[in-house]
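A look at the structure
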Amino acid sequence: MITFDAFGEERATAELILDRVSQRLSQAAERPARFELCEEHDDAVYAAMGELEASVYPSDLAYKPREFREYVDDEESILLLLRVDGELAGYVFGYPEDPEGEGQIVEGADFFVDDGVVALEWEARGLGTLCSMAVFSLVGLLGFEVVGITTEERDAEGRELVKWYHGLGFED
């Protein structure tokens, strides 16, 4: 799993990005909020992620805690947690891709954001956008140039996910 050490000389910049976005998240949530690089994780983190995932996505699409472990335990993966009032309110995780490799998930991408979730109770406040922009900045500091995602057309609540990602600059 990527830690602050992976940022090398850009560590202070990475920490500053997370501090600034945390300030903006606190304003948007009107409560104390932090977006933090998860450098240590355990079954409790995976269980909380699984509960949050199940509350947002249909059961056939939701990751299970053991699946998070499979993806997030890799030394090249990144996991960021959104906490509001100290409670898990969202997360983002992703990992590098070989843009020329077989089995590539998104053509031309050198980094793949596999999953990003914000709890339904915090939707429509800009928290997902703030977290996404921070992730893109951090991934850029690590030297990646093209971030890829895949998404469903709509989530379990009927929100238009593709339209939201287009607003962040993604293309089909």
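Each remark here, short or long, concerns the structure printed above.
My aim in this report is to walk through the structure given alongside it, one point at a time. (Residues numbered from 1 in each chain as written. Predicted model: local features only at pLDDT ≥ 70, side-chain atom pairs only at ≥ 80, totals over all residues. Heavy atoms only, no water.)

**Some words on helix H1 (residues 11-29)**
- In a regular helix each residue adds 1.5 Å, so 19 residues correspond to 27 Å; H1 covers 27 Å between its end C-alpha atoms and thus fits that length.
- By the burial criterion, the buried members of H1 are Ala14, Ile17, Leu18, Val21, Ser22, Leu25 and Ala29. Viewed end-on, H1 has its buried residues packed into an arc of 130 degrees, placing them on one side of the element. Residues of H1 that are exposed and point more than 90 degrees away from the buried face comprise Ala12, Arg20, Arg24 and Gln27.
- Those residues of H1 that are buried lie in contact with strand S1 (33-37), strand S2 (78-84) and helix H4 (127-141).
- Downstream of H1 by one or two residues, glutamate 30 has phi in the positive range, about 60 degrees. (Helix = DSSP H or I, 4+ residues; strand = E, 2+ residues; numbered from the N terminus. Expected span 1.5 Å × (residues − 1). Buried < 20%, exposed > 50% of the residue type's maximum accessible area, 1.4 Å probe, protein only. Arc of directions from axis to C-beta. Contact = heavy atoms within 4.5 Å.)

**A few points about the pairing of S1**
- What you see with S1 is a clean split: Ala33, Phe35 and Leu37 sit on the buried side and Arg34 and Glu36 on the side with no burial.
- Examined bridge by bridge, S1 and S2 share five bridges and lie antiparallel to one another. Within S2, the residue paired with alanine 33 across the bridge is valine 84. (Pairing = 2+ DSSP bridges.)

**A short note on a negative patch on the surface**
- On the surface, Asp73, Asp74, Glu75 and Glu76 cluster together to form a negatively charged patch.
- Checked against the element boundaries, aspartate 74 lands in the loop between helix H3 (65-72) and S2.
- In this structure aspartate 74 comes out as partly exposed when scored by relative accessible area, which is 38%. (Patch = residues over 30% accessible without salt bridge, like charges linked within 9 Å, V, L, I, M, F, W, Y side chains within 5 Å. Areas by Shrake-Rupley, 256 points an atom, 1.4 Å probe, with all protein chains shown as cover. Salt bridge = Lys/Arg side-chain N within 4 Å of Asp/Glu carboxyl O. Lys, Arg positive; Asp, Glu negative; His and termini not counted. Charge placed at Lys NZ, Arg CZ, Asp CG, Glu CD.)

**As for the packing of aromatic side chains**
- Scanning the entire structure with this criterion turns up five aromatic pairs.
- Ring plane angle 55 degrees and centroid distance 5.8 Å describe the contact between tyrosine 95 and phenylalanine 112, whose orientation is recorded as tilted. A residue pair is termed long-range when its members are at least 10 positions apart, and tyrosine 95 in strand S3 (residues 87-96) and phenylalanine 112 in strand S4 (residues 111-118) qualify at 17 residues.
- Judged by relative accessible area, which is 15%, tyrosine 95 ranks as buried.
- When its relative accessible area of 3% is taken as the criterion, phenylalanine 112 is described as buried.
- Aromatic side chains phenylalanine 111 and phenylalanine 144 sit 5.0 Å apart centroid to centroid with 55 degrees between the ring planes, which places their arrangement in the tilted category. Here the residue phenylalanine 111 occupies a position in strand S4, and phenylalanine 144 occupies one in the loop between H4 and strand S5 (147-148), the gap between them amounting to 33 residues.
- Taken together, the ring pairs connect Phe68, Tyr91 and Phe93 into an aromatic cluster. (Phe/Tyr/Trp six-rings, centres within 6.5 Å; stacked < 30°, edge-to-face > 60°.)

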